[in-house]
Amino acid sequence: MTDVHDAQSVTLRSRKPLAPPFHRYIAKGKLKGKVCQVGERVVIYEIVATEPEGIVRVTDATCLHFE
């Protein structure tokens, strides 16, 4: 089985450009402490990049970038 590393950063892209900004806070809450990878969807966002690449765990130290 593959090792899950703690994410340094996760980049999310909105699938609905006119969505209200508070959805970012909802997405942060849903991701915190969870394991994710590129292609997954969280609220109105799609994960487009992770650092390191692959399956990662989102922690308090993970930097979330929104596009």
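The residue numbering used here restarts from 1 in each chain and proceeds along that chain's sequence as written. It should be noted that, the model being predicted, local features are given only for residues of pLDDT at least 70 and side-chain atom pairs only at 80 or more, the latter also being counted only at that level, while totals for whole chains, interfaces and linings use all residues. Neither water nor hydrogens contribute to the side-chain values; these are computed over all heavy atoms in the structure.

Undergrad: I'd like a rundown of the packing of aromatic side chains, residues and numbers included.
TA: Under the pairing criterion, centres of Phe, Tyr and Trp rings, with the six-membered ring standing for Trp, must be within 6.5 Å; the plane angle then separates stacked pairs below 30 degrees from edge-to-face pairs above 60, leaving the rest tilted. In the structure shown here, the tally under the stated rule is 1 aromatic pair. Ring plane angle 65° and centroid distance 5.0 Å describe the contact between Tyr45 and Phe66, whose orientation is recorded as edge-to-face. With Tyr45 in strand E5 (residues 45-51) and Phe66 in strand E7 (residues 63-66), the pair connects residues that are 21 residues apart, well separated along the chain. In this structure Phe66 comes out as buried when scored by relative accessible area, which is 18%. Put simply, DSSP marks the helices as runs of H or I at least four residues long and the strands as runs of E at least two long, and each gets a number from the N terminus on. Accessibility here uses a 1.4 Å probe with only protein chains present; expressed as a share of the type maximum, an area under 20% marks a residue as buried, one over 50% as exposed, and anything in between as partly exposed.

Undergrad: Break down the sheet that holds strand E3 (residues 35-36) for me, citing the residues and quoting the values.
TA: Strands sit in the order E1-E6-E3 across an open sheet of 3 strands; the sheet is mixed. With partners counted over all chains shown, the strands left at the sheet margins are strand E1 (5-6) and E3, one partner each. Strands pair, by our definition, only if DSSP identifies at least two bridges between them. Two strands pair when backbone bridges link them, and E3 and strand E6 (residues 56-57) are joined in this way by 2 bridges, in the antiparallel orientation. Bridge assignment links Val35 to a residue of E6, and that residue is Arg57.

Undergrad: Describe in detail the sheet that holds E5, supporting the description with residues and values.
TA: The 4 strands lie next to each other as E4-E5-E2-E7, forming an open sheet whose pairing is mixed. Since the sheet does not close on itself, it has two edges, and those belong to strand E4 (41-42) and E7, each with one partner. In this structure, E4 lies alongside E5, joined through 2 bridges in antiparallel fashion. Note that in E5 the partner of Arg41 across the bridge is Glu46. In this fold helix H1 (residues 23-31) packs onto strand E2 (9-14), E4, E5 and E7, with an angle of close to 140° to the strand it touches most, E7. Note on contacts: a residue pair qualifies if any of its non-hydrogen atoms lie within 4.5 Å across the two residues. Here an axis means a line fitted to C-alpha atoms, over the contact stretch when the element is a helix, while the angle between two N-to-C directions is reported on a 0 to 180 degree scale.

Undergrad: Give me the lowdown on H1, citing residues and values where you can.
TA: Note on helix geometry: an α-helix contains 3.6 residues per turn, so any two residues three or four positions apart are oriented the same way. Buried within H1 we find His23, Ala27 and Leu31. In an axial view of H1, the angular spread of the buried residues amounts to 70°, which keeps them on one side of the axis. In this structure, H1 carries Tyr25 and Gly29 as exposed residues pointing more than 90 degrees from its buried face. In this structure, the buried side of H1 is in contact with E2, E3, E4, E5 and E7. Within two residues after H1, Gly33 carries a phi angle of roughly 85°, on the positive side. Directions from the helix axis toward the C-beta atoms define the arc.

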